[in-house]
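Spelled out, the chains give:
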Amino acid sequence: MTESRAVVGTPHASRYLQQLCKHWAHRFETESNAAQARIALPLGETRLTADAETLTIDLTAHDPASLPDLRDVVVRHIERFAFRETLRFEWT
C-alpha cells in the first residue's frame, strides 16, 4: 500500500467533503459526516477531514503505480465542486 496526503486551504472544506461523498455514494462504499469521510474506490481508499480552514485528503493506493491515478480522480472531482475558487493540492 502506498500513501499520500494533501492539505488544501479552503473555507468550504466540509461542503466539498460532503459533495464528494454524495456524488460517489451510488457507486462506491462511503461513510461520512460533516467533518470526516471515507470512500472505498477501486484504486484505493480516500479519507477526508474538514475543518474551518482546510480539507485534508489522505489516499491509500492498492499499489504504487495507481497512486497518480487515484490523486488525479480525487482532485478532478473536488475541483469540479470548487469551480468558484482555485485550490492548491500539494501532495506529500
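Fair warning: this is a prediction, and the values are worked out from it, not measured in the lab.

Right, let's get into the overall build of the chain. Across its full length, the chain carries two helices and five strands. The secondary structure elements of the chain, listed N-terminal to C-terminal, are β-α-β-β-β-β-α. Compactness check: the chain gives a C-alpha radius of gyration of 12 Å against a globular reference of 12 Å for 92 residues, within 12% of the reference. Projecting the C-alpha coordinates of the chain onto the three principal axes gives extents of approximately 30 × 30 × 20 Å. Expressed as a percentage of its 92 residues, the buried residues of the chain come to 40%. Long-range pairs, those at least 24 residues apart, make up 52% of the contacts in the chain with a sequence separation of at least 6. Counting every atom, the chain has about 5,400 Å² of accessible surface; 48% of that belongs to carbon and sulfur. If you average the places of the 11 positive and of the 13 negative side-chain charges in the chain, the two averages end up 6 Å apart.

The next thing to look at is the packing of helix 1 (residues 13-24) against helix 2 (residues 67-81). The N-to-C vectors of helix 1 and helix 2 enclose an angle of 115°; their axes lie 10 Å apart at closest approach. As far as their axial angle goes, helix 2 and helix 1 are roughly perpendicular. The element helix 1 and its partner helix 2 pack so that their crossing is right-handed. In contact with Tyr16, Gln19, Leu20, His23 and Trp24 of helix 1, helix 2 contributes Val73, Val74, His77, Ile78, Arg80 and Phe81.

Moving on: the sheet that holds strand 1 (residues 2-9). Strand order across the open sheet formed by five strands is 1-5-4-3-2, with antiparallel pairing between neighbours. Two strands lie at the open edges of the sheet, namely strand 1 and strand 2 (29-32), each paired on one side alone. The mean inter-strand angle of the sheet, taken between neighbouring strand axes irrespective of direction, is 10°. Of the strand pairs in this sheet, strand 2 and strand 3 (residues 36-41) are connected by four bridges, and their pairing is antiparallel. Bridging from a neighbouring strand, Thr30 pairs with Ile39 of strand 3. Its contacts with the sheet place helix 1 against strand 2, strand 3, strand 4 (44-50) and strand 5 (54-61), and it is angled at close to 35° to strand 3. Set on the sheet, helix 2 makes contact with strand 1, strand 3, strand 4 and strand 5; between it and strand 5 the angle comes to about 150°.

Rules and cut-offs
- Residues numbered from 1 in each chain as written.
- Predicted model: local features only at pLDDT ≥ 70, side-chain atom pairs only at ≥ 80, totals over all residues.
- Heavy atoms only, no water.
- Helix = DSSP H or I, 4+ residues; strand = E, 2+ residues; numbered from the N terminus.
- Rg over C-alpha atoms; globule rule 2.2 N^0.38 Å.
- Buried < 20%, exposed > 50% of the residue type's maximum accessible area, 1.4 Å probe, protein only.
- Contact = heavy atoms within 4.5 Å.
- Areas by Shrake-Rupley, 256 points an atom, 1.4 Å probe, with all protein chains shown as cover.
- Lys, Arg positive; Asp, Glu negative; His and termini not counted.
- Charge placed at Lys NZ, Arg CZ, Asp CG, Glu CD.
- Axes fitted to C-alpha atoms, helices over the stretch in contact; angles between N-to-C directions.
- Parallel < 35°, antiparallel > 145°, perpendicular 65-115°, else oblique.
- Left-handed = near helix turned anticlockwise from the far one by under 90°.
- Pairing = 2+ DSSP bridges.

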